[in-house]
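Structural description and commentary
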Amino acid sequence: MKQFFLDGAPVPFEDGDTLMAAATRAGHQVPHLCWHPQLAPSGACRLCTVQVDGRMTAACTTRASEGLEVHNHTPELTALRRQLTQMLFVEGNHYCPGCEKSGNCELQSTAYALGMADMRHELLMPQRPVDASHPDLWLDHNRCILCKLCLRASRELDGKDVFAIGGYGAHTQLLVNAPDGRLGASALQADDHAAHICPVGALLPKRRGFAIPIGQRHCDTTPPPPLPQDADHGPT
Ligand code: SF4
Ligand code: FES
């Protein structure tokens, strides 16, 4: 079988595999927020950036090829991924202690794994709405990181087209395909894949808040392994 090398370890792959798909299948962890094994990659978050022949590239959109030397865990990549994560916190309104997703949140656990202790920049604190119009689901735009997982799951798994991305720059936002632009008038149903795929606390079910106590949640009990730290953030 063909193989490439991830931090020196051989990773077998099949034709058409991305670096991310093959590495994950082989049991390696490449940090990511917008990749899902059942969905086409979108390259939205760049958290999966790796180094291939000295060049930075997204592991979720780069095809594997024979003999490639890929670096995943280096202090430089940790620093880059931490900056990207800090910007996600800065651009939205993420108050982890009061968020229902705390302990189950991919953004929060990624920040911990990266050793992120501050935001580094001033918070933008944008004014964003909460859409509570759906009988079974909340959409809190304050926490949306524009990963497009809900959008792709709706199209590719549910056969619907509930979400889109609109706007530019700081005004980019998740749009809802409904006459009034709100979730309650959309085709989204509580058991859709799209309703359960959000990696943060932006799209949540109603009436199930804190069903699992904080401290006993997935990331509380199975924290991601720490990544190599750069000079500003402690020993490697
Ligand atoms: Fe991603 Fe959640 Fe925002 Fe959808 S609502 S784009 S899944 S963060
Ligand atoms: Fe690759 Fe988000 S996981 S860009």
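Take the overall build of the chain next. Tallying secondary structure elements over the chain gives 5 helices and 10 strands in all. At 18 Å, the chain has a C-alpha radius of gyration in line with the 18 Å of a compact globule built from 236 residues. Carbon and sulfur atoms make up 53% of the accessible area of the chain, which totals about 12,100 Å². Across the chain, the centroid of the 20 positively charged side chains sits 4 Å from that of the 25 negatively charged ones.

Counted by the stated rule, this structure contains 0 disulfides. Not part of a disulfide, Cys 96 finds its nearest cysteine sulfur in Cys 105, a span of 6.2 Å.

Turning our attention to the pattern of salt bridges. Tallying each qualifying case throughout the model produces 7 salt bridges. For Asp 15, the salt bridge is made with Lys 2, and the minimal N-O distance between the two is 2.8 Å. With Asp 15 in the loop between β2 (9-12) and α1 (19-25) and Lys 2 in the segment before β1 (3-6), the pair connects residues that are 13 residues apart, well separated along the chain. With a closest N to O distance of 2.8 Å, Arg 207 and Asp 136 form a salt bridge.

Let us look at the environment of Phe 4. Along the chain, Phe 4 turns up in strand β1. On the accessibility criterion, Phe 4 (0% relative accessible area) is buried. Considering only alpha carbons, one finds Phe 4 and Leu 77, 73 residues apart in sequence, at a separation of 19 Å. Among all residues touching Phe 4, those that are not within four sequence positions of it are Ala 9, Pro 10, Val 11, Phe 13, Leu 19, Ala 22, Ala 23, Ala 64, Ser 65, Gly 67, Leu 68 and Val 70.

Our next topic: empty space enclosed by the protein. On inspection of all chains with the given rule, the structure shows 3 cavities of 30 Å³ or more. Of the pockets and cavities examined, the largest cavity occupies roughly 110 Å³. Lining the largest cavity are 14 residues; nearest its centre among them are His 94, Tyr 95, Cys 96, Cys 99 and Cys 105. Among the residues making up the lining of the largest cavity, the classes are represented as 7 nonpolar, 5 polar and 2 charged. By volume, the second largest cavity amounts to about 90 Å³. Lining the second largest cavity are 13 residues, with Cys 144, Cys 147, Cys 150, Leu 174 and Cys 198 positioned closest to its centre. Partitioning the lining of the second largest cavity into residue classes produces 12 nonpolar, no polar and 1 charged.

Before going further, it helps to examine the nonpolar core. Counting residues in each nonpolar core, the largest one holds 36 residues, and the members touching the most others are Leu 107, Phe 163, Leu 183, Leu 188 and Leu 203. At the level of elements, α2 (75-91), α3 (106-113), β7 (137-140), α4 (149-156) and β9 (173-176) are the ones that each hand at least two residues to this core. Sorting elements by how many residues they give to this core places α4 first, with 4 residues. Apart from residues no more than four positions distant in its own chain, Leu 203 is found in contact with Trp 138, Leu 139, Cys 150, Phe 163, Leu 183, Leu 188, Ala 194, Ala 195 and Cys 198. Phe 13, Leu 19, Cys 48 and Val 52 belong to the second largest nonpolar core, which has 19 residues in total.

Of all 8 residues making up α3, 6 are buried, and the element is well covered by its neighbours. Each element contacted by the buried residues of α3 is listed here: α2 and α5 (218-221). Phi for Gly 115, located one or two positions after α3, is positive at around 70 degrees.

What follows covers the side chain of His 134. On the secondary structure map, His 134 appears in the loop between β6 (130-131) and β7. Owing to a relative accessible area of 4%, His 134 belongs among the buried residues under this scheme. Once residues within four sequence positions are removed from consideration, His 134 is found in contact with Leu 183, Gly 184, Leu 188, Gln 189 and Lys 206.

Take the site of ligand 1 next. Surrounding ligand 1, one finds Cys 144, Ile 145, Leu 146, Cys 147, Lys 148, Cys 150, Leu 174, Cys 198, Pro 199, Val 200 and Ala 202. Split into classes, the residues belonging to the shell around ligand 1 amount to 10 nonpolar, no polar and 1 charged.

Calculation notes
- Residues numbered from 1 in each chain as written.
- Chains lettered and ligands numbered in written order.
- Predicted model: local features only at pLDDT ≥ 70, side-chain atom pairs only at ≥ 80, totals over all residues.
- Heavy atoms only, no water.
- Helix = DSSP H or I, 4+ residues; strand = E, 2+ residues; numbered from the N terminus.
- Rg over C-alpha atoms; globule rule 2.2 N^0.38 Å.
- Areas by Shrake-Rupley, 256 points an atom, 1.4 Å probe, with all protein chains shown as cover.
- Lys, Arg positive; Asp, Glu negative; His and termini not counted.
- Charge placed at Lys NZ, Arg CZ, Asp CG, Glu CD.
- Disulfide = S-S within 2.5 Å.
- Salt bridge = Lys/Arg side-chain N within 4 Å of Asp/Glu carboxyl O.
- Buried < 20%, exposed > 50% of the residue type's maximum accessible area, 1.4 Å probe, protein only.
- Contact = heavy atoms within 4.5 Å.
- 1 Å grid on protein atoms, 1.4 Å probe; cavity = no way out; pocket = protein on both sides within 12 Å on 5 of 7 lines; lining within 4 Å.
- Points joined across faces, edges and corners; volume = space filled by probe spheres on them.
- Nonpolar A, V, L, I, M, F, W, Y, C, P; charged D, E, K, R; others polar.
- Core = buried A, V, L, I, M, F, W, Y, C linked by side-chain atoms within 4.5 Å.
- Near = heavy atom within 4 Å.

Treat this as a map of the structure, not an account of what it does.
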